[in-house]
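# Results of the structural survey
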Amino acid sequence: MKVFFVGTPEIAVKSLEKIAEKFNICGVLTNPDKPQGRNNTIVFSPVKKTALSLSLPLYQPDIIDSNFISIIKNLKPDILVTFAYGKIFKEEFLSIFGKETLNIHPSLLPKHRGPSPITAAILAGDSETGITIQKMALKMDRGDIIKQVKFPLTGKENVDSLTEDIAEKSALLITEVLADIISDNYSSLPQDHSLASYCSLIKKEDGLINWNEKSIQIERKFRAYKNWPGIFTYWKGKLIVITECNLVSEDSVKNINISDVAPGTVAFVDKNKGIFIKTQDSFLAVTKIKPQSKNEMDFKSFLNGSKDFIGSILENDFEK
């Protein structure tokens, strides 16, 4: 059986490596190289680097057209495996694969269909998440489910740690499914589309803190957006990125009349716990900050150069 693998980011690498250990990969498709940074340096995707290191045939077309489809047909692939490629394939491409077309999706489908399911699980405060191996469909994440695993969330995960965990688990799961398919020992079940929920691409402005939200919502955004775009606010028209923060226990503020403090107020500083900023329902303890055009610093160092920060009210306006 020949497997054709499709993917681009780091999360797909372990699955590619594991499949290459156990099965015959006839080709790898990844997104075209793109320039990055101020110098427009060309950077290879993690999947491209891995495919090259494994000496696997590599394809990076700008579009999936009839010419590319003819090339892949000549490989005579049996099974398609996709993981975080970011595009929906048309029927002409999917029909190439005689045995099965598979997609690895890092959520418990039909929950969190879309491009950012790991972030979505953290933002929602889900108590569990999982991985779904589904058949490819012509509409996003609507394919029948072949296998699904679930595991609990502690509420402490950030997007990096959860992505790494899912990458490890996905590699094991997809090799199990491939073995079952090759031995014709598998089945699938349709999704209940009435239970579907959706997530969207993350935008820069998603990281702007709304101090009228509850502390737990802001803290979840901090963990969900740790990699990008981070969470940030504005003070005196300048960008302030919060790079470390914690929820505040009720005991820490039991002597404060919370209703008297407006959301966004930099209320006070605790020498051990950080700068306390008022949210809708409590405070967020900020311990590390990256001011605009400066390096990250701990809260004490920041306050040494910004003594009027305490008592100020932070801005919610993205345009400032």
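Right above here is the structure, for reference.
Summary of the structure given here. All of these numbers come straight from a predicted model, not from anything done at the bench. Numbers given for residues are sequential positions, taken from 1 along each chain in its written order. With pLDDT at 70 or above as the cut-off, local features in this predicted model cover only qualifying residues; side-chain atom pairs require 80 or more to be listed or tallied, and sums for whole chains, interfaces and linings still use all residues. Remark: hydrogens and water are excluded; side-chain values derive from all non-hydrogen atoms of the structure.

## Focus on the pattern of salt bridges
How we decide: Here, a salt bridge means any side-chain nitrogen of Lys or Arg that lies within 4 Å of a carboxyl oxygen of Asp or Glu. A run of H or I in DSSP counts as a helix once it spans at least four residues, and a run of E counts as a strand once it spans at least two, with each numbered from the N terminus.
If you walk through the whole model with that rule in mind, you get 14 salt bridges. Two residues, Asp206 and Lys203, come together in a salt bridge whose shortest N-O distance is 3.8 Å. Ionic pairing is found between Asp308 and Lys236, a salt bridge with its closest N-O pair at 2.4 Å. Placement of the pair is Asp308 in the segment after α8 (299-305) and Lys236 in the loop between β10 (231-235) and β11 (238-247), with a sequence separation of 72 residues.

## As for the pairing of strand β1 (residues 2-7)
As a reminder of what qualifies: Accessible area is worked out with a 1.4 Å probe on protein chains only. A residue is then buried under 20% of its type maximum, exposed over 50%, and partly exposed in between. Pairing between strands requires that DSSP locate at least two bridges from one strand to the other. Here, the term right-handed applies to a crossover whose path from the first strand over the helix to the second runs clockwise when the strands point away from the viewer.
When you tally the buried positions in β1, you get five out of six residues, the bulk of the element. Pairing of β1 with strand β2 (residues 24-29) involves five bridges; the strand directions are parallel. In the sheet register, Val3 faces β2, and the bridge partner there is Ile25. Handedness of the β1-helix α1 (residues 13-22)-β2 crossover: right-handed. Pairing of β1 with strand β6 (residues 79-83) involves five bridges; the strand directions are parallel. The residue of β6 that forms the bridge with Gly7 is Phe83.

## Observations regarding unusual backbone geometry
The peptide bond linking Leu109 to Pro110 adopts the cis configuration, its omega dihedral lying at 15°. If you trace the backbone, Pro110 turns up in the loop between β7 (100-105) and α5 (117-124). In this structure, Asp141 is a non-glycine residue whose phi angle is positive, near 55°. Residue position: Asp141 is located in the loop between β8 (128-135) and β9 (145-152). Even without being a glycine, Ser293 presents a positive backbone phi close to 65°. Structurally, Ser293 can be placed in the loop between β14 (283-291) and β15 (297-298).

## Remarks on the pairing of β14
The buried fraction of β14 is high, at seven of nine residues. As judged from the seven bridges shared by β11 and β14, these two strands associate in the antiparallel manner. When the bridges of β14 are listed, Ile242 appears paired with Ile289. With four bridges joining them, strand β13 (residues 274-278) and β14 adopt antiparallel strand pairing. Residue pairing for β14: Lys278 is matched across the bridge by Phe283.

## Comments concerning the sheet that holds β1
In spatial order, the strands read β5-β2-β1-β6-β7-β8-β9; together these seven strands make up an open sheet with mixed pairing. The two strands at the open ends of the sheet, each matched to only one other strand, are β5 (58-59) and β9. As defined by bridge partners, β2 adjoins β5 across two bridges and the pair is classed as parallel. The residue of β5 that forms the bridge with Leu29 is Tyr59.

## Regarding the environment of Lys203
For clarity, the cut-off: Any two residues whose heavy atoms approach within 4.5 Å at even a single point are treated as in contact.
Its location among the elements puts Lys203 in the loop between α6 (159-182) and α7 (215-224). For Lys203, the residues in contact, after removing those within four places along its chain, are Trp228 and Pro229.

## Overview of the environment of Asn246
In this fold, Asn246 is placed in strand β11. You can call Asn246 partly exposed: its relative accessible area is 41%. Beyond its immediate chain neighbours, meaning those up to four positions away, Asn246 contacts Leu284, Ala285 and Thr287.

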